[in-house]
Amino acid sequence: MSGPLLVRGGTLVDAAGPHRADVLVRDGRIAAVGADLGAAGGEVVDAGGAYVIPGAIDVHTHFALPVGAVTSADDFESGTLAAACGGTTCVVDFAGAGREPWEEALATWHARAQGRAVVDYGFHLTVTELPAEPGSAVRRFADFLARGVASVKLYMAYPDRLMVDDDTLGRALSASRATGVRVCVHAEDGATVESLVTAAIAEGRTGPDTVPSVRPPSVEAEAIRRVAGLARRAGAWLYVVHLSSREGLEAVRAARADGVDVHAETCPHYLHLEASHLANGDPDYVCAPPLRTDADRAALWQALGTGEVEVVSTDHCPFTVADRRRGTGGTGWVDFRQVPGGLSGVETRLSLVYQGVLAGDLSLPRWVDSTSGAPARLFGLDGVKGALRPGLDADLVVFDPGATRRLDASRLHSRCDHSPYAGRVVQGWPALTLVRGRVVAVGGEPADVPPGWGRFVPRSPLG
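What counts as what
- Residues numbered from 1 in each chain as written.
- Predicted model: local features only at pLDDT ≥ 70, side-chain atom pairs only at ≥ 80, totals over all residues.
- Heavy atoms only, no water.
- Helix = DSSP H or I, 4+ residues; strand = E, 2+ residues; numbered from the N terminus.
- Rg over C-alpha atoms; globule rule 2.2 N^0.38 Å.
- Buried < 20%, exposed > 50% of the residue type's maximum accessible area, 1.4 Å probe, protein only.
- Contact = heavy atoms within 4.5 Å.
- Areas by Shrake-Rupley, 256 points an atom, 1.4 Å probe, with all protein chains shown as cover.
- Lys, Arg positive; Asp, Glu negative; His and termini not counted.
- Charge placed at Lys NZ, Arg CZ, Asp CG, Glu CD.
- Pairing = 2+ DSSP bridges.
- Right-handed = clockwise from strand over helix to strand, strands pointing away.
- Polar contact = N/O pair within 3.5 Å; in protein donor to acceptor, adjacent residues only side chain to side chain.
- Axes fitted to C-alpha atoms, helices over the stretch in contact; angles between N-to-C directions.
- Phe/Tyr/Trp six-rings, centres within 6.5 Å; stacked < 30°, edge-to-face > 60°.
- Lys NZ or Arg CZ within 6 Å of the ring centre and 35° of its normal.
- Parallel < 35°, antiparallel > 145°, perpendicular 65-115°, else oblique.
- Left-handed = near helix turned anticlockwise from the far one by under 90°.
- Nonpolar A, V, L, I, M, F, W, Y, C, P; charged D, E, K, R; others polar.
- Salt bridge = Lys/Arg side-chain N within 4 Å of Asp/Glu carboxyl O.
- Expected span 1.5 Å × (residues − 1).

Participant: I keep staring at the overall build of the protein and nothing clicks. Help me out?
Facilitator: Broken down by element type, the protein carries 13 helices and 19 strands. Taken against the 2.2 N^0.38 rule, which gives 23 Å for 463 residues, the C-alpha radius of gyration of the protein at 21 Å falls within 12% of a compact globule. Its C-alpha atoms give the protein principal-axis dimensions of about 70 × 50 × 40 Å. Going through the 463 residues of the protein one by one, you find that 60% of them count as buried. Put simply, 75% of the contacts in the protein that link residues at least 6 apart link residues at least 24 apart. Accessible surface for the protein amounts to roughly 15900 Å². Of this, 50% is attributable to carbon and sulfur atoms. Averaging the positions of the 44 positive and the 55 negative side-chain charges in the protein gives two centres separated by 2 Å.

Right under this line is the structure:
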């Protein structure tokens, strides 16, 4: 857009609650927010009373992630296009597929995203080792910051390719405190999982329906307790990704009561789906942690409503039907260990969380904060994105609360050929999505925006 753009007549939602306001966009940034603004000859969009909210930020995606012989279905072009259609204007993807050097991982992910992304993006780095000498670990984290990467992820599971020991976790947390690089953890106790897996295979329980029993809530809770103890000793900030269970939530609460600065996200599939989807052995619902019970879903909704769970991200990592059945070895899976895990969600997240508003589980401000404001604050984007205030990037969504959409794969824009929410109809969907003032989606469909409009956003460290 060459001139200013005025979004007029909308119901702006922020921490103060819903209120009528106009938003003026100029040169890719928000120029003004207030009543009865003028466009000074620019384009005017009539929001017609619909909600006007900051563009959603998904801080947990896995685009073009290789897992053995298969790769997640969406690359940075299709994944960010789907994000735009669903009202997400920035993603933070995880760079690194295993134990490759971090410089190689970061270069690879930049190459995958550059010139292809439709929305803005950043990276976390997957860390599988750190120098034993504390000063060297601190210098490595400082190197991450110098490249605009302000967060890392360490896995407490998957010993074959990703899991780290407590010494590595401790060094990462100490380096985090020294540098302000955020530490995120995949919290499942890997040793216990492997023991349960071995027992299940010996008993002949090999189908996808076995996954919830070998990755029970207790392994999530135990991992959270363990890493929270390390964070307390280091005096460090900690973020638990994809919290899935009531037991894990209780471990987060206990850590906070013990003085740990711990934060948590959950995902739409833990809010809307349950383990019964796996009961018939369907591999298309395999993810880790696995789907849980209605009681777990209820606990997570309640905690999301109060802000105890601050963020909803997606862990978007879908695989096509064919790749699920090829398995990580490429010749067909023999047991659940070879089923690539992960579900789609980058396009449906904003609306699926809005269903909690309709059900009375969330206020409108909590809906917006969990999908935009909190991700920006927690991950060093709050000086750039995550709110509708002058000076920030003009990432905004006009969200029509009366629109409906059936969440079948044929109505969505992921390259994944199935949807975990197939047949479900949601109320509320984005009517317009802008990234830095440019329209990237209209009515939940792609606008005329070329791949490459999205740019890398360096993030700031913890203060």
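Participant: Could you clarify how one ought to interpret unusual backbone geometry in this entry?
Facilitator: Between Ala 288 and Pro 289 the backbone carries a cis peptide bond, its omega angle lying at -5 degrees. By the element assignment, Pro 289 lies in the loop between α9 (268-272) and α10 (294-306). The residue Asp 27 is not glycine, and still its phi comes out positive at about 55 degrees. Here Asp 27 lies in the loop between β2 (17-26) and β3 (29-34). Residue Asp 27 is classed as exposed on the basis of its relative accessible area, which comes to 73%. Even without a glycine there, the phi angle at Tyr 158 is positive, about 65 degrees. Relative to the assigned elements, Tyr 158 resides in the loop between β11 (151-155) and α4 (166-179).

Participant: Is there a simple way to explain the pairing of strand β9 (residues 88-95) in this structure?
Facilitator: Looking down a regular strand, the side chains alternate between one sheet face and the other. Of all 8 residues that make up β9, 8 are buried, and the element is covered over most of its length. In the sheet, strand β6 (residues 56-61) pairs with β9 via 4 bridges, with the strands oriented parallel. Within β9, the position partnered with Thr 61 by the bridge is Asp 93. Between the parallel pair β9 and strand β10 (residues 120-126), the chain is carried across by helix α2 (residues 102-113), and the sense of this crossover is right-handed.

Participant: I would appreciate a short explanation of the environment of Arg 377 in the present structure.
Facilitator: Relative to the helices and strands, Arg 377 is located in helix α13 (residues 364-378). For the pair formed by Arg 377 and Arg 366, sequence separation is 11 residues and the distance between their alpha carbons is 14 Å. Apart from residues lying up to four places away in sequence, Arg 377 is in contact with Arg 182, Asp 369 and Asp 382. Here Asp 369 takes part through its side chain, which lies 2.8 Å from a polar atom of the side chain of Arg 377.

Participant: What's the story with the sheet that holds β9 in this structure? I'm lost.
Facilitator: Taken in spatial order, the 8 strands make up an open sheet running β6-β9-β10-β11-β12-β13-β14-β15, and their pairing is parallel. For this open sheet the edge positions go to β6 and β15 (311-312), each flanked by a neighbour on one side alone. Relative to the sheet, α4 contacts β11, β12 (182-186) and β13 (237-240), its axis offset from that of β12 by approximately 150 degrees.

Participant: When you look at the packing of aromatic side chains in this model, what are you seeing that I'm missing?
Facilitator: Aromatic ring pairs: the centre-centre distance and the angle between the two ring planes describe each pair. Applying the stated criterion across every chain yields a total of 17 aromatic pairs. Here Phe 63 and Phe 76 contribute two aromatic rings whose centre-to-centre distance is 5.2 Å and whose plane-to-plane angle is 80 degrees, an arrangement assigned as edge-to-face. With a gap of 13 residues between them, Phe 63 in the loop between β6 and β7 (66-67) and Phe 76 in helix α1 (residues 76-85) connect regions that are remote in the sequence. Grouping residues by exposure puts Phe 63 and Phe 76 together as buried. An aromatic cluster is built from Phe 63, Phe 76, Tyr 121, Phe 123 and Phe 456, whose rings are joined through pairwise contacts. Positioned above the aromatic ring of Phe 94, the side-chain terminus of Lys 153 is 4.4 Å from the ring centre. Lying over the aromatic face of Trp 453, Arg 438 brings its terminal NZ or CZ to 5.2 Å of the ring centre.

Participant: Would you explain the packing of helix α7 (residues 217-234) against helix α8 (residues 246-257) in this entry?
Facilitator: Axis separation between α7 and α8 bottoms out at 7 Å; the angle between their running directions is 15 degrees. In this view, α7 runs roughly parallel relative to α8, as classed from their interaxial angle. The hand of the α7/α8 crossing is right-handed. Residues Pro 217, Ser 218, Glu 220, Ala 221, Ile 224, Arg 225 and Ala 228 of α7 pack against Glu 247, Gly 248, Ala 251, Val 252 and Ala 255 of α8. Here the residues of the contact of α7 with α8 are counted per class, giving 7 nonpolar, 2 polar and 3 charged.

Participant: What's the story with the environment of Pro 451 in this structure? I'm lost.
Facilitator: Along the chain, Pro 451 falls in the segment after β19 (445-446). When sequence neighbours within four positions are dropped, the list of residues in contact with Pro 451 reads Glu 77, Gly 115, Arg 116, Ala 117 and Val 118.

Participant: In this structure, what is going on with the pattern of salt bridges? I would like to understand it.
Facilitator: For side chains of opposite charge, pairing can occur when their charged atoms come near one another. Summed over the entire model, instances satisfying the criterion amount to 29 salt bridges. Between Asp 369 and Arg 377 there is a salt bridge, and its shortest N-O distance comes to 2.8 Å. A relative accessible area of 45% means that Arg 377 is categorised as partly exposed. Shared partners join several salt bridges into a network, and the residues in it are Arg 29, Asp 120, Lys 385, Asp 393, Asp 395, Arg 436 and Arg 455.

Participant: Could you clarify how one ought to interpret the environment of Thr 88 in this entry?
Facilitator: Tracing the backbone shows Thr 88 in strand β9. Sequence separation between Thr 88 and Leu 243 is 155 residues; the distance between their C-alpha atoms is 21 Å. Beyond its immediate sequence surroundings of up to four residues, Thr 88 is in contact with Ala 56, Asp 58, Ala 83, Val 119, Val 346 and Arg 349. Polar contacts involving the side chain of Thr 88 include one to the side chain of Arg 349, which spans 3.1 Å.

Participant: Please explain α7 as it appears in this structure.
Facilitator: Along an α-helix, a turn takes 3.6 residues, which lines up residues three or four apart on a common side. The first and last C-alpha atoms of α7 sit 26 Å apart over 18 residues, in line with the 26 Å expected at 1.5 Å per residue. Those residues of α7 that fall on the buried side of the exposure criterion are Val 219, Glu 220, Ala 221, Ala 223, Ile 224, Val 227, Ala 228, Gly 229, Leu 230, Ala 231 and Ala 234. The secondary structure elements touched by the buried residues of α7 are α4, β12, α5 (190-202), β13 and α8. One or two positions beyond α7, positive phi appears at Gly 235, with a value near 65 degrees.

All quantities given are derived from atomic positions and should not be read as evidence of function.
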